[in-house]
Amino acid sequence: MKRNKRSNLSFFEPVLFLILIFGLFIRIFHLDRFLGFYFDQGRDALVIWDFIKSGKLFLIGPTIGPTMGVGDVPRGPWYLWLLIPFYWLGKGNPVIPAYFLVFSQVLSFAILYFVFSKLGEKFVAVSSLVISVFSFSLVLSSHWLSNPTFLYFLSALFLWFLLKIADEKRWAFLASGFLSGLAIHFGGSADIFYPLIAFLVAFIWSRKLINLKNIFYFFFFYCFSLLPQIIFDIRHSGIIRKGLWQFINSSRSFSFYFWDLLPSRISLYLDTFSEVVWGQRSFLFVLFFIAIFLVAILKSQEIKNNKYFQVILISVFIPLVGMLFIKGEKGIIYGYYFTGFYIFWIVFFSFLLKFISKGFLGKVVIFLFLFAFIGRNLYLVSRYFKYDYRKYNPIILEDQLLAIDWIYKDTTDCNFNVDFYVPPVIPYAYNYLFKWYGFSKYGCLPKEESVKTLYTLSEKDDSHPERLSNWLMRQDTIGKVEKEAIFGNIKIERRARI
């Protein structure tokens, strides 16, 4: 009997490996063209560039941001430190670290498959792998050169640790402390509930792990991830502590008007869940999910006997409930706040499919779902590469580099100024691209002192077209347009100063 099972695994595992390779391929295909390189990416790249070129050490990373109501409290530098080797290997090319983040996401899918296969949950392992690889939403998120992208890998590890905690593994409980701290430097939103989840899983299934010694080590490893920020805070008169205190005391940060937020949050949860698991928002999928969830509840005894599903259930619902009390900016939070739990949602859904898979009708339903899911998402991916890439990334790296090439080829002596209109105003992306691409290819940078030739580069601004219009009118008072070019949603004008 064991020999037959092994032969079945030997037959399917090469197929699943090919699925993983396909998932990697569709994520790196034309990534050098379609990569979005904006405000955040330019800001991060400038910090890394300064470190590579001058050894300028830094102890903080990107700010958590105003949308969580935290103001300018910085995360740790772990994300930027992580990317340093890849910017160095690529000689400043942001596509190389983007490749690394893509690989880390695909690796997280492999971890899921490995973990649940070893636990004997073969159906969950396979369905989680298939959904993760083909989900159009996850393909898009892999093209995001930003700190949440690495959360796929961290959350896969954290999920593995949780399952080991449920099996009374002390090392997993302590390791989850460090991972809980590390995660907030990459997400900093729903991931704040990682420690609560770890303790709750330990309390339910491995209560002997909850002792003073283990609790001390858990929070020691948690705080170790905060060490760079602690040093920075001490050296800068408690600036981080002041920001956190303002966040805790701010009426904008937390809300106890549970029932006021509930309808909008449930809508957000269902929309985001639909995007992650189905690949896009779909009311029909939401109905399907609710239906199979209700069917699974009817099989309560099977749920009661499945410890691993209960761990997933707790891990899914704690952040959903907890985020009901985070007010965010103007009562709004965003779906990407839950990036650290996307993998949990896929596993949760895979368990639901397993619970309805008994019997002929259940197998038919699952077959039809997977057939529709793969077909729909392959269609969305193909459209993305052919037509829709500008819909999701209005400004792409290819157009930015073409614009910079046009400027350098249009001038003969590198004696020019450049001015930018870039939502949201600060042109970090172009500051970096000129510093890396422009200088490395053409050997010079735009002049800082005022010269006769001025190039104005503006990006299309659908949200505030009046701001772009006013900026262009102001430029008309500075220089007369002599020549112009357009690359996608980027417009360049050569002006002679008046």
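Residues numbered from 1 in each chain as written. Predicted model: local features only at pLDDT ≥ 70, side-chain atom pairs only at ≥ 80, totals over all residues. Heavy atoms only, no water.

**Describing the nonpolar core**
- Membership of the largest hydrophobic core comes to 140 residues, with the highest contact counts inside it found for Phe116, Phe338 and Phe349.
- Residue contributions to this core peak at 13 residues, all from helix H8 (residues 151-166).
- Formed by 10 residues, the second largest nonpolar core is a distinct cluster that contains Val139, Leu380, Val381 and Phe385. (Core = buried A, V, L, I, M, F, W, Y, C linked by side-chain atoms within 4.5 Å. Buried < 20%, exposed > 50% of the residue type's maximum accessible area, 1.4 Å probe, protein only. Helix = DSSP H or I, 4+ residues; strand = E, 2+ residues; numbered from the N terminus.)

**Things to note about the confidence of the model for the protein**
- Here the protein averages 87 in pLDDT, and 91% of its residues register 70 or above.
- Within the model, the stretch residues 1-5 combines pLDDT values under 50 with zero contacts to residues more than four positions away or in other chains.
- Within the model, the stretch residues 66-70 combines pLDDT values under 50 with 22 contacts to residues more than four positions away or in other chains. (pLDDT = per-residue confidence, 0-100. Contact = heavy atoms within 4.5 Å.)

**Considerations on the environment of Ser54**
- Residue placement: Ser54 occurs in helix H3 (residues 39-54).
- Of the residues examined, Ser54 reaches a relative accessible area of 55% and is grouped as exposed.
- Within the local environment of Ser54, its side chain forms a polar contact with the backbone oxygen of Asp50, the two atoms lying 2.5 Å apart. (Polar contact = N/O pair within 3.5 Å; in protein donor to acceptor, adjacent residues only side chain to side chain.)

**Here's the deal with the side chain of Ser127**
- With respect to the helices and strands, the residue Ser127 is situated in helix H6 (residues 122-134).
- A relative accessible area of 5% means that Ser127 is categorised as buried.
- In this structure the side chain of Ser127 is engaged in a polar contact, spanning 3.3 Å, whose partner is the backbone oxygen of Val124.

**Some thoughts on helix H9 (residues 170-183)**
- The first and last C-alpha atoms of H9 sit 20 Å apart over 14 residues, in line with the 20 Å expected at 1.5 Å per residue.
- Turning to H9, its buried residues number three or more, namely Ala172, Phe173, Leu174, Ser176, Gly177, Leu179, Ser180, Gly181, Leu182 and Ala183.
- Along its buried surface, H9 packs onto helix H4 (78-89), H8, helix H10 (194-205) and helix H11 (212-224). (Expected span 1.5 Å × (residues − 1).)

**Thoughts on helix H18 (residues 342-355)**
- With 14 residues, H18 should cover 20 Å at 1.5 Å per step; its first-to-last C-alpha distance of 20 Å lies within 8% of that length.
- When you tally the buried positions in H18, you get 14 out of 14 residues, the bulk of the element.

**Description of the side chain of His185**
- Tracing the chain through its elements places His185 in the loop between H9 and H10.
- A distance of 3.4 Å separates polar atoms of two side chains, one belonging to His185 and the other to Gln229.
- Filtering out sequence-adjacent residues up to four positions away, His185 remains in contact with Arg75, Gly76, Trp78, Asn147, Ser225, Leu226 and Gln229.

**What about the pattern of salt bridges?**
- If you walk through the whole model with that rule in mind, you get 19 salt bridges.
- For the salt bridge of Asp40 with Arg43, the shortest nitrogen-to-oxygen distance reads 3.6 Å. With a gap of three residues between them, Asp40 and Arg43 both fall in helix H3, about one helical turn apart.
- What makes Arg43 buried here is its relative accessible area of 19%.
- Taking the shortest distance from any N to any O, the salt bridge between Asp44 and Arg43 comes out at 3.0 Å. Here the two residues Asp44 and Arg43 agree in accessibility, since each one is buried. (Salt bridge = Lys/Arg side-chain N within 4 Å of Asp/Glu carboxyl O.)

**Some remarks on the packing of aromatic side chains**
- Per the stated rule, a full pass over the model turns up 81 aromatic pairs.
- A ring pair is formed by Trp278 and Phe373, whose centres lie 6.1 Å apart and whose planes are at 50°; its orientation type is tilted. Taken together, the positions of Trp278 in helix H14 (residues 258-278) and Phe373 in helix H19 (residues 360-392) put the pair 95 residues apart, joining distant regions of the chain. Taken as a pair, Trp278 and Phe373 share a single burial class, namely buried.
- Its guanidinium or amino end placed over the ring of Tyr389, Arg33 lies 5.8 Å from that ring's centre, counting from NZ or CZ. (Phe/Tyr/Trp six-rings, centres within 6.5 Å; stacked < 30°, edge-to-face > 60°. Lys NZ or Arg CZ within 6 Å of the ring centre and 35° of its normal.)

**Brief notes about the packing of H6 against H19**
- Put simply, H6 and H19 touch, their axes get as near as 9 Å, and they point 25° apart. Taken as axis vectors, H6 and H19 run roughly parallel relative to one another. Seen along the crossing, H6 lies across H19 with a hand that is left-handed. Here Phe123, Val130, Ile131 and Phe134 of H6 lie close against H19, whose contacting residues are Ile366, Phe369, Phe373, Ile374, Asn377 and Leu378.
- A per-class count over the contact of H6 with H19 returns nine nonpolar, one polar and no charged. (Axes fitted to C-alpha atoms, helices over the stretch in contact; angles between N-to-C directions. Parallel < 35°, antiparallel > 145°, perpendicular 65-115°, else oblique. Left-handed = near helix turned anticlockwise from the far one by under 90°. Nonpolar A, V, L, I, M, F, W, Y, C, P; charged D, E, K, R; others polar.)

**Some remarks on the environment of Ser350**
- Mapped onto the elements of the fold, Ser350 is located in helix H18.
- Under the relative-accessibility criterion, Ser350 is labelled buried at 0%.
- A sequence separation of 57 residues divides Ser350 from Phe293, and the C-alpha atoms of the two residues are 11 Å apart.
- Leave out the neighbours within four places in its chain, and Ser350 touches Phe123, Val124, Ser127, Ser128 and Ile131.

**Remarks on unusual backbone geometry**
- Look at Lys91: it is not a glycine, yet its phi comes out positive at around 55°.
- Here Lys91 shows up in the loop between H4 and helix H5 (95-118).
- In this structure, Cys414 takes a positive phi of about 60° despite not being glycine.
- Structurally, Cys414 can be placed in the loop between helix H20 (397-410) and strand E1 (417-421).
- With relative accessibility at 18%, the residue Cys414 sits in the buried group.

**Quick look at the pairing of strand E2 (residues 453-459)**
- Within E2, six of the seven residues are buried, leaving the element largely enclosed by the surrounding structure.
- In this structure, E1 lies alongside E2, joined through five bridges in parallel fashion. Each residue of the ladder has a partner; that of Val418, found in E2, is Tyr455.
- Assessed by its sense of winding, the connection that carries the chain from E1 through helix H21 (residues 428-442) to E2 is left-handed.
- Pairing of E2 with strand E4 (residues 490-497) involves seven bridges; the strand directions are antiparallel. Within E4, the position partnered with Tyr455 by the bridge is Arg494. (Pairing = 2+ DSSP bridges. Right-handed = clockwise from strand over helix to strand, strands pointing away.)

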